[in-house]
Structures are given as structure tokens and as C-alpha cells.
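Coordinate inspection notes
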Amino acid sequence: MVFKWLPLNTTGRSIVPQIIFETEDGQALIVNTEAEHLMQAALDHEIPGIEGACGGVCSCATCHVHIDPAWTELVGPPNDFEAALLELEDQFKLCSRLGCQVKLTPELDGLKVRVATGAS
Amino acid sequence: MSAHPDPFRQARASSCGMTVHVDGEPIPLVLDLQGVRRAAKDWQAYSSANPFHITLQSEEALRNFRQLPIETDPPDHTDYRAIVEPLFRRPAQPDYAARMRDIVRRTVDEACALGTLDGVLSFALPLQSRALALLLNVPESEADEWITWGIRAFDHDEQGPSKGARLENYIQRQLEHAAGTPGEDLFSILHRATFRGRPLTYEEKQGFANLVFAGGRDTVIHTTTSILAYIAEHPAFCPQLAADPALVPKAVEEFVRVVTPLTAITRTCAADTPHQSAGGRIGLCWASANRDDRFFKHADRVQPDRAPNPHVAFGFGPHSCLGASHTRLLLRTLLTQCAERGLRIQTLEAIPNVEVFDTFSRPIGFSKLIQRWSAQQEIP
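Okay, so let's go over this structure. (Residues numbered from 1 in each chain as written. Chains lettered and ligands numbered in written order. Predicted model: local features only at pLDDT ≥ 70, side-chain atom pairs only at ≥ 80, totals over all residues.)

From N to C terminus, chain A includes 3 helices and 6 strands. When the helices and strands of chain A are listed from N to C terminus, the series reads β-β-β-α-β-α-α-β-β. Relative to its full complement of 120 residues, chain A shows a buried share of 43%. (Helix = DSSP H or I, 4+ residues; strand = E, 2+ residues; numbered from the N terminus. Buried ≥ 20, exposed ≤ 12 C-beta atoms within 10 Å, placed from the backbone.)

And the structure:
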């Protein structure tokens, strides 16, 4: 596993969650983010495999991630819109979420997710 | 945009469903969102490898080669699609977005200079054509010829659509040019491409190019004109976007949901299915799925801030629209500039374009949209 820290795009918020994105080619990209959602954090840091094509309205599943088992309870389950889409995804797992539907809070500092779009 | 009825509502709510008859062939429609998604994903059961028969109306009269990659299934489809995918991923590049902004700015400028115009022929058609030149990476001057074709890529005469000689001749010219002076455009990519170690046949090259011209033409034009009509009917919309630019992507998704310019696409059943016998076709009705009230509250209303918005206007599964990123960028850029420039539009005459089958009809965009345009601000 290769770890790489990506620069923070900061606006001065006091508590900035750190997210670890594991890409499909095995890199671990660590970002500090002020984004509202996981998808936006990935787009802001150009995480390979996360396209966010629909802009975050739960239409395309190009922000599909697997939540690390240690974090699934805190992140919570998918909503009904999301679950209906995810169950048809090739890489669906019980820990699947759409990044656009995962709101980032200070409690998610250290969150680890794996890109699961199959696009990178 | 003023009338956006849902002709599938009753059928979707009943157990009877809806069957369309095309040239005597019964085609049951899948109407609910999750059913459409499941069928679109399940290419083994519902095959797309039925040349000329992926639209409700057969396209045998329009061409004599299969469109690629759409009229194939995986794994062929995967390999064919990979040939052109890099070209269709370019909209994510900053330079591409900048060039799109320039195209939209110039086309809006021209419309404002005209003052009174047909939004179909004098705005949506040139905008779509110029943007397509950007997507195909060909000189924008090529769009001048495409604009003369009107809103349909295929020729039409008094008897209706005719074998697409005009488009085929154009594609032939471009492929010959690419063979002589290859560049980085679509035709050169097709010239160089190999499929499992062999060069593409001429018919395969035609199949790719034909789909690019046919698939993204009237769909983009009808969505664009629907947006123009909405702006005219809702004068507060552009100021709302200007005040909250984050609304733009959501608004685009909502417009493509409500318009759904491609009503349905068909699949051929590989074996007996709950919908149809083996060998028969079913229709994946995107337009109905996008009004499924289990997923869309007040589904017939345009709600520019709708989120979530799990629509399937760009299809779903392995055959989803290759041009979706390009179209999203085009429409987002258009809305952004309309907002930044304080565009004001008044509709003077609107003739809806209506698609008619035996069991349903639905308006999709406009065949004529006479409007008066003015902008409050210029963009340098």
C-alpha cells in the first residue's frame, strides 16, 4: 500500500476531517477536506475513479465507495434512493455507499473508504 | 416546458402495464424505475445486440450497418466502447470546459443580437452542432455543414426517413480524410483503432460515427429548447441561479429528467421473461421511469433543486449514454451563462414536437419556438 498525503484546500474551518481514500490500484490517498460530502472531497482532490457525473443527486453511482468496516456504524446505512441504486452495482457490498450521500462531519475524522466504481 | 404530462401514469399504477405496437409487433414497456434499471443492467436476459431494433421504430430504413457500440452486448460492447471512451472523457478537462464556455457565449451573443429568433433553428441547433465539433475534436467549421441538416441527422423526404445517404456520404468523406491526414479527431481514432488485434472494418467505423451523429442531436436540441421555454415562463429562474450557482448542476439533472428526450430503448429477450417471449422485444421506458412517484415526489413538476434525483435520462447500465458528460457540461454552461448575463426570454410562439405511438403520445421539446431574447450583461 502506497500512502500519499494530498494538500489541504483550506478556508480556515477549525475542525477538518481527514479522509483516507484507497484507490482501485492500491494507493492510499489522504486528504484533509472541508467539503460537505465525501464525493466533493474526492473531486476536490481528483481521487482516481470518482467521477461524480450527476453532480451528487444520486443518479449515476460514479461515486460508489466501500466504507471501511471500522467506520460503517458511524457513517450509517444508505438511504432508500441510494440503496435502490447500489443494489444493482457490480461491486455492491453491505458496506457500499454513494459518496454524494455521505455528509462529512468532524466525527468522521480518519474515515477510510475504498473507491468501488471500477472506473480507474 | 409548460406542459410536461406523463402519458404512462395510469399504466404504471395498474397491473396491466402498456404495450406499444410497431409495424404489428407488440412491445411491452417496462415502466417503473427499478424495473427499468434491472432490465438495463441485465444484458444477458435483455440483449442490445439486435441491429436496427434498439429504438421502438426499426431503423432498417435508415442504415444497413449496426450502430456501435450500442448494438452489441458485453464483452464485445466493452471492447468497442473502450475505443471511443477516451474521446468522450475529455469534457472533464479544464481546457474542454473553457472551449465550451466560448461556444456557448458566442451562440448566446448571436441569439441576443438577433433579438427575435426561433430557439430551435437559430440557437439550439447551432449550439448542439458547435458543441459536437468540440466533442469530436474536429474544426468548428464542420458544424456549419451539420447545421444545414436541420435537427435530424438522417435525411427525410415526402415519404419519411430515407436511407441516410447524406450522413453516410459525410462520414465517408471524413474517414477518407482521416486516412490521408490522421489527427486526434473521432474519424482518425476510428481509422487507427483495432478490435481484438484487427483494424476496424469500414462498416464498424460507420457504425460508430453514425451513432455519434444520430444519438446526440435531437435529444440535446429538445432538452435545450425545453430549458429556453422554462426560462421564459419563469423570469425568476435566472436570478435564482445567479444567486446560487450550486443550483446549476441540480437544475440540469432535473431538466433532463422531466424532458427525457429519448422516451424508450428496446432490448430483445434472449429467453422467455416475465415481460416477453424469447426473441421478442421489450421497451425500457426511461420517460416513465423518470416519473415514478415512488422515487420522485410531485414527479410532473420541475423542481430545479430536486435532490436526490435518481433519474435514468442518460440510460443505465453498460449501455448508458457515452455523451452524458458532454451534454451535462453543455447544459450546465448554458444555464450558468444565462444566469450570469441576466438573460430575459419571452416566448412569442411555441409548437411542441410530439412523439406519437398507438398507445401514447408525449411532447418532447419543440419543432418551433419563436422567442425574444435580451441580456442585461455582456460577458467579456
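The next thing to look at is the sheet that holds strand S11 (residues 344-356) of chain B. Residue and element names in this part refer to chain B. With antiparallel pairing, the 3 strands of this open sheet are ordered in space as S4-S12-S11. Looking at strand neighbours, the two that pair on one side only are strand S4 (116-118) and S11, the edges of this open sheet. Pairs of neighbouring strands in the sheet enclose a mean axial angle of 20°, with direction left out of account. Running at roughly 75° to S4, helix H5 (residues 119-136) makes contact with S4 and strand S12 (361-374) of the sheet. (Pairing = 2+ DSSP bridges. Axes fitted to C-alpha atoms, helices over the stretch in contact; angles between N-to-C directions. Contact = placed C-beta atoms within 7 Å.)

Before going further, it helps to spend a moment on the interface of chain B and chain A. If you look at the interface, chain B gives 16 residues, while chain A gives 10 residues. Sorting the residues of the side of chain B that touches chain A by element identifies helix H2 (33-41), helix H12 (247-259) and helix H14 (324-340) of chain B as the ones contributing at least two each. It is H2(B) that provides the largest number of residues to the side of chain B that touches chain A, a total of 4 residues. Considering only residue class, the side of chain B that touches chain A consists of 6 nonpolar, 4 polar and 6 charged. (Nonpolar A, V, L, I, M, F, W, Y, C, P; charged D, E, K, R; others polar.)

Quick look at the packing of H5(B) against helix H10 (residues 218-233) of chain B now. All names here are of chain B. Contact geometry of H5 with H10 gives a least axis separation of 9 Å together with a crossing angle of 125°. When the axis of H5 is compared with that of H10, the two are oblique. Here the hand of the crossing between H5 and H10 comes out right-handed. Facing Gly119, Val120, Ala124, Leu125, Leu127 and Gln128 of H5, the residues of H10 in contact are Val220, Ile221, Thr224, Thr225 and Leu228. Of the residues that constitute the contact of H5 with H10, the class distribution is 7 nonpolar, 4 polar and no charged. (Parallel < 35°, antiparallel > 145°, perpendicular 65-115°, else oblique. Left-handed = near helix turned anticlockwise from the far one by under 90°.)

Counting residues in each nonpolar core, the largest one holds 139 residues, and the members touching the most others are Ala42(A), Val36(B), Ile231(B), Cys285(B), Trp286(B) and Leu335(B). If one sorts the elements of this core by residue count, H5(B) sits on top with 11 residues. Not counting residues within four places of it along the chain, the set of residues in contact with Ile231(B) comprises Phe237(B), Cys238(B), Cys338(B), Leu343(B) and Ile345(B). (Core = buried A, V, L, I, M, F, W, Y, C linked by C-beta atoms within 7 Å.)

In this model, helix H9 (residues 202-215) of chain B (14 residues) spans 20 Å end to end at C-alpha, consistent with the 20 Å of a helix rising 1.5 Å per residue. Summarising the contacts, the buried residues of H9(B) are in contact with helix H3 (76-88), H5, helix H7 (165-180), helix H8 (186-192) and strand S7 (194-195) of chain B. (Expected span 1.5 Å × (residues − 1).)

So, about the sheet that holds strand S1 (residues 18-22) of chain B. Strands belonging to one sheet form pairs held by backbone hydrogen bonds; the direction of such a pair is parallel or antiparallel. Residues and elements named next belong to chain B. The strand order across the open sheet formed by 5 strands is S1-S2-S10-S9-S3, and the pairing between neighbours is mixed. Each having just a single partner strand, S1 and strand S3 (46-47) make up the two edges of the open sheet. The sheet strands contacting H2 are strand S2 (25-30), S3, strand S9 (264-269) and strand S10 (281-285), and the helix crosses S10 at an angle near 125°.

Residues and elements named next belong to chain B. With respect to the helices, strands and loops of the structure, Arg267 is situated in strand S9. Exposure remark for Arg267: the 28 C-beta atoms within 10 Å place this residue in the buried category. Sequence-wise, Arg267 and Gly197 are 70 residues apart; in three dimensions their C-alpha atoms are separated by 29 Å. When sequence neighbours within four positions are dropped, the list of residues in contact with Arg267 reads Ala39, Tyr46, Ser47, Ser48, Arg281, Ile282 and Leu284.

That's the geometry; what it means functionally is another story.
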